[in-house]
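Residues per chain are reported as follows:
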Amino acid sequence: MKSFFITLLLLISFGCKKEITSPEEKTATTKKHEFAIIIHGGAGTILKKNLSDEKEAAYKAKLEEAIKVGHTILKNGGTSQEAVIKTIQVMEESPLFNAGKGAVFTHEETNELDASFMDGKTLNAGAVAGVTNVKSPIELAVKIMTDSDHVMLSGKGASIFAEEKGLEIVDPSYFYTERRFQSLQKIKNKNKTALDHDDKKASFYDADIKNAKFGTVGCVALDKSGNIAAGTSTGGMTNKRWGRIGDAPIIGSGTYANNLTCGVSSTGWGEYFIRSQVAYDISAQMEYQNKSLKEATTDVIQNKLTKLGGTGGVIALDKNGNMSFEFNTAGMYRASMNDEDQLIVKIYKE
Ligand code: ASP
């Protein structure tokens, strides 16, 4: 009888122990890294055969340069907010990415920029849509958060606000790149063909867009104080018109941060990301279903977004420094770095 009770006790304690040390539980409760940073430079049909060695090296070098800027800030005890702004600015200034200089063109051959930022500690956020002359849309998004009573400003009003706050204003031609201009011409010609064929099913963004490279930039950082910040900046989608706005400036779709769960920045076909509330859904699954970061990002991208027909991906970072790159496209320009100086820079699916 005595040995029966001992066995029973052992079985019960083994059962409890097993639960506490299960891998999921471990990732959910153990602080892995004191600080960490993760970035993307857009997702899409990025195939090795379409990218020359030089181009590939250029992308990797710029991703590394950008993430090291944020990493140094975090390592020196700076805030996640500062790390996100400065890291994104490196990519906004590079013509390689669809953000700031190098942004894609609208149907009217202009560049209209969107960006957003969220602070995981206070749940404060700022966003801007459709600005044409502000050099750093991510800086403006943060300014809207810190210096206005609003979360989102758009168009001319946003430019006036930026000017009043002393942000750098540029001539719209600053954003021009020949490569993006030519991409617009190609897509315009294809749309014409679709019309010629009177394809009633062809949406404004025809099938080619589905396979296009996107190129938005985003960053999520966790600082030594445990604060998570996330930001996203983009030119949107090539050939957009009628003042179309994507997911990038929508808090909960393109960007989300909450110190209790995670920070997320999205890239992909914005209409689907808005309808799926991608960034908030990941945080909500962690908060309400106790999922790990990996489980939540996998479900939202590979299951829910994919079923809806959306393409793209996210970068996400949780309060313990766990990181996740999740995408359903052929590639995503991406990088991460943690407090052990481990650097990952990747482009294709691996
Ligand atoms: N999500 C962006 C948009 O729809 C595009 C991108 O990520 O490249 O505007």
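Not measured: the values here are computed from a predicted model.

Q: Can you walk me through the site of the ligand in this structure?
A: Around the ligand, the neighbouring residues are F214, G215, T216, G236, M237, R244, G246, D247, T267, G268 and G270. Here an oxygen atom of the ligand sits 2.8 Å away from a polar atom, N or O, in the side chain of R244. Note that a nitrogen atom of the ligand is positioned 2.7 Å from one of the backbone N or O atoms of G268. Considering the ligand on its own, with 270 Å² of exposed area, one finds that the protein chains cover 100% of that surface. For the shell around the ligand, the residue count by class is two nonpolar, seven polar and two charged.

Q: Where do I start with the packing of helix α4 (residues 80-92) against helix α5 (residues 137-147) in this structure?
A: Between two packed helices, both the angle of their axes relative to each other and the distance between the axes serve to describe the pair. Interaxial distance between α4 and α5 falls to 8 Å at its minimum, and their mutual angle equals 150°. Taken together, the axis directions place α4 and α5 in an arrangement best described as roughly antiparallel. In contact with Q81, I85, I88, Q89 and E92 of α4, α5 contributes P137, I138, E139, V142, M145 and T146.

Q: Honestly, the pattern of salt bridges in this entry has me stumped. Any pointers?
A: Two side chains bearing opposite charge may form a pair once their charged atoms approach each other closely. Scanning the model with the defined rule gives 13 salt bridges in all. Salt-bridge contacts for E64 lead to K68; the nearest nitrogen and oxygen are separated by 2.8 Å. Of this pair, E64 and K68 both sit in helix α3 (residues 53-75), four residues apart, roughly one helical turn. Look at K68 and you get partly exposed, because its relative accessible area is 37%. K188 is the salt-bridge partner of E109, the closest N and O atoms lying 3.2 Å from each other. Linking E109 in the loop between α4 and β2 (113-119) with K188 in helix α7 (residues 178-196), this pair joins segments that are 79 residues apart in sequence. Accessibility expressed as a relative area gives 22% for K188, which makes it partly exposed. Salt bridges sharing common partners tie together K48, E56 and K60.

Q: Got a minute to help me understand the sheet that holds strand β7 (residues 255-257) in this structure?
A: The strands making up a sheet associate through backbone hydrogen bonding, with each pair oriented either parallel or antiparallel. Spatial strand order, β7-β8-β9-β10: four strands in an open sheet with antiparallel pairing. Either end of the sheet is taken by a strand with one partner, and the two such strands are β7 and β10 (323-327). On average, each strand axis in the sheet is tilted by 10° relative to the strand beside it, whichever way the strands run. Here three bridges tie β7 to strand β8 (residues 262-268), and the two strands are oriented antiparallel to one another. By the bridge assignment, T255 is partnered in β8 with S265. Packed on one face of the sheet, helix α10 (residues 278-289) meets β7, β8 and β9 (312-318) and runs near 145° to β8. Sitting on the sheet, helix α11 (residues 293-308) touches β8, β9 and β10, and the angle it makes with β10 is about 10°.

Analysis parameters
Residues numbered from 1 in each chain as written. Predicted model: local features only at pLDDT ≥ 70, side-chain atom pairs only at ≥ 80, totals over all residues. Heavy atoms only, no water. Near = heavy atom within 4 Å. Polar contact = N/O pair within 3.5 Å; in protein donor to acceptor, adjacent residues only side chain to side chain. Areas by Shrake-Rupley, 256 points an atom, 1.4 Å probe, with all protein chains shown as cover. Nonpolar A, V, L, I, M, F, W, Y, C, P; charged D, E, K, R; others polar. Axes fitted to C-alpha atoms, helices over the stretch in contact; angles between N-to-C directions. Helix = DSSP H or I, 4+ residues; strand = E, 2+ residues; numbered from the N terminus. Parallel < 35°, antiparallel > 145°, perpendicular 65-115°, else oblique. Contact = heavy atoms within 4.5 Å. Salt bridge = Lys/Arg side-chain N within 4 Å of Asp/Glu carboxyl O. Buried < 20%, exposed > 50% of the residue type's maximum accessible area, 1.4 Å probe, protein only. Pairing = 2+ DSSP bridges.

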